[in-house]
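A structural walkthrough
Spelled out from the first residue to the last, the chains are:
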Amino acid sequence: MIQNGRALRQEHVPSELVHRDGEIDALTAALGGGRSNLFEDVIVTGPSGAGKTSTTRYVLRKLEEARLDVETGFVDCIGANSSTGALAGLVRASDRSAPLDPRANARTVLIERLRDMDKEFVAVLDEADVLEDKQIIQALYSVPNVTTALVCVNYDDLLINCDSRIQNRIRTFRHVEFDSYGDDQLADILSKRAEVGLVRGSIDEETIWYIADQAAGDARLAIAILRRAAKQCSDLREDEITTDVVDDVADAARNEIASRYIEKLSTDQRILYEVLRQQGPIQAGNLYVEYRDRATDPKADRTLRSYLNSMEREGLVVQTGGGRYTKYDTDGGA
């Protein structure tokens, strides 16, 4: 049944993206690929599963194909949420990853390595709202040959943990906003994936629409369901993906999305999540106290709130109440 497993992977960026023409054009124009060839800092926002990351990666790939004077770097801030960690990821992406002098200020050295490049460098910070130190945004802005793209779910959440200078800087960025996919759009995306990834006749239009409805606008979930359904059918030597198969694998696909996110968590994020798993529901103040008892270098409350907001958007955390009575728990108490 499966003829190209890569096409069924969540992280696969296809050669053609559908239903994101306007967003592609806006990002391309901002990142030096428009007629003016000018570069402009940009912030990309929209709900989880709306195609922000895939579209940004697609534009980066096209940009590097079209321009020899441009390099790009992409960092997922979930796993590299310190300014030094994010900068190191960008430098590695630029192939300038010689060992640092341990006596040097790592962040300063990393910035200088970007500054010394003879090309324009497009730096993408995905999940930028979980950065513990937003000073990296100002630091990148200070480098003349660096253009910054920030990708996050919510514009306001990104601004909350920034000082006024960085807030003002972000407000000058071009804003490209993504909406959730509709069922018809998800059906088109799945049809394209199935056309490349599956043997013809393995899934019919009705089942594709059923998956789209189950995914409720989240392309990541839709693709995960399709891939798991195809694998189950292949394992059982069945010839066609049916709605019954989709029902069998839907919960596992949701758990897969959550597990992939958990795997990327930094040490402090994981401590916070483990406290919730063991002691939730728990009031925010008690959660922070327990976290600090376990953490080697505890983060500020506002950073912890940013982590929790991100986990809540991914469906890992449930928040109830408000103010001093806010309580957190893992989804379903799991």
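Each value, and the rule that gives it
Residues numbered from 1 in each chain as written. Predicted model: local features only at pLDDT ≥ 70, side-chain atom pairs only at ≥ 80, totals over all residues. Heavy atoms only, no water. Pairing = 2+ DSSP bridges. Helix = DSSP H or I, 4+ residues; strand = E, 2+ residues; numbered from the N terminus. Contact = heavy atoms within 4.5 Å. Axes fitted to C-alpha atoms, helices over the stretch in contact; angles between N-to-C directions. Phe/Tyr/Trp six-rings, centres within 6.5 Å; stacked < 30°, edge-to-face > 60°. Lys NZ or Arg CZ within 6 Å of the ring centre and 35° of its normal. Buried < 20%, exposed > 50% of the residue type's maximum accessible area, 1.4 Å probe, protein only. Arc of directions from axis to C-beta.

Let's shift gears to the sheet that holds strand β7 (residues 317-320). Strand order in the open sheet formed by three strands is β6-β8-β7, with antiparallel pairing between adjacent strands. The open sheet is flanked by β6 (282-283) and β7, the only strands paired with a single partner. Against the sheet, helix α12 (residues 267-279) contacts β6, β7 and β8 (327-330), and its axis sits at roughly 85° relative to β8. Of the strands in this sheet, β7 and β8 are in contact with helix α14 (residues 301-313), which crosses β7 at around 110°.

Using the criterion set out here, one finds zero aromatic pairs in the structure. A cation over an aromatic ring shows up here: R169 above the ring of Y141, its NZ or CZ 3.6 Å from the ring centre.

Moving on, we come to helix α1 (residues 21-30). Owing to its 3.6 residues per turn, the α-helix brings residues three or four apart onto one side. Buried residues of α1: E23, I24, A26, L27 and A30, and no others. When α1 is viewed along its axis, its buried side chains cluster within an angular range of 165° and face the same direction. In α1, the exposed residues that point more than 90 degrees away from the buried face are D21 and D25. Considering only its buried residues, α1 is in contact with β1 (42-45), α2 (52-66) and β5 (174-177). The first or second residue beyond α1 is G32, which carries a positive phi of 85°.

The sheet contact formed by β7 and β8 spans four bridges and is antiparallel. Each residue of the ladder has a partner; that of V317, found in β8, is T330. Hairpin connection from β7 to β8: six residues lie between these consecutive antiparallel strands, with G321 at a positive phi of about 75°.

As a further point, take the sheet that holds strand β2 (residues 70-76). Spatial strand order, β2-β3-β4-β1-β5: five strands in an open sheet with parallel pairing. The open sheet is flanked by β2 and β5, the only strands paired with a single partner. Averaged over all pairs of adjacent strands, the angle between their axes in this sheet comes to 15°, without regard to strand direction. Pairing of strand β3 (residues 120-126) with strand β4 (residues 146-152), which is carried by six bridges, proceeds in the parallel orientation. Paired with F121 across the two strands is V146, which belongs to β4. Those strands touched by α1 are β1 and β5, and its axis lies near 160° from that of β5.

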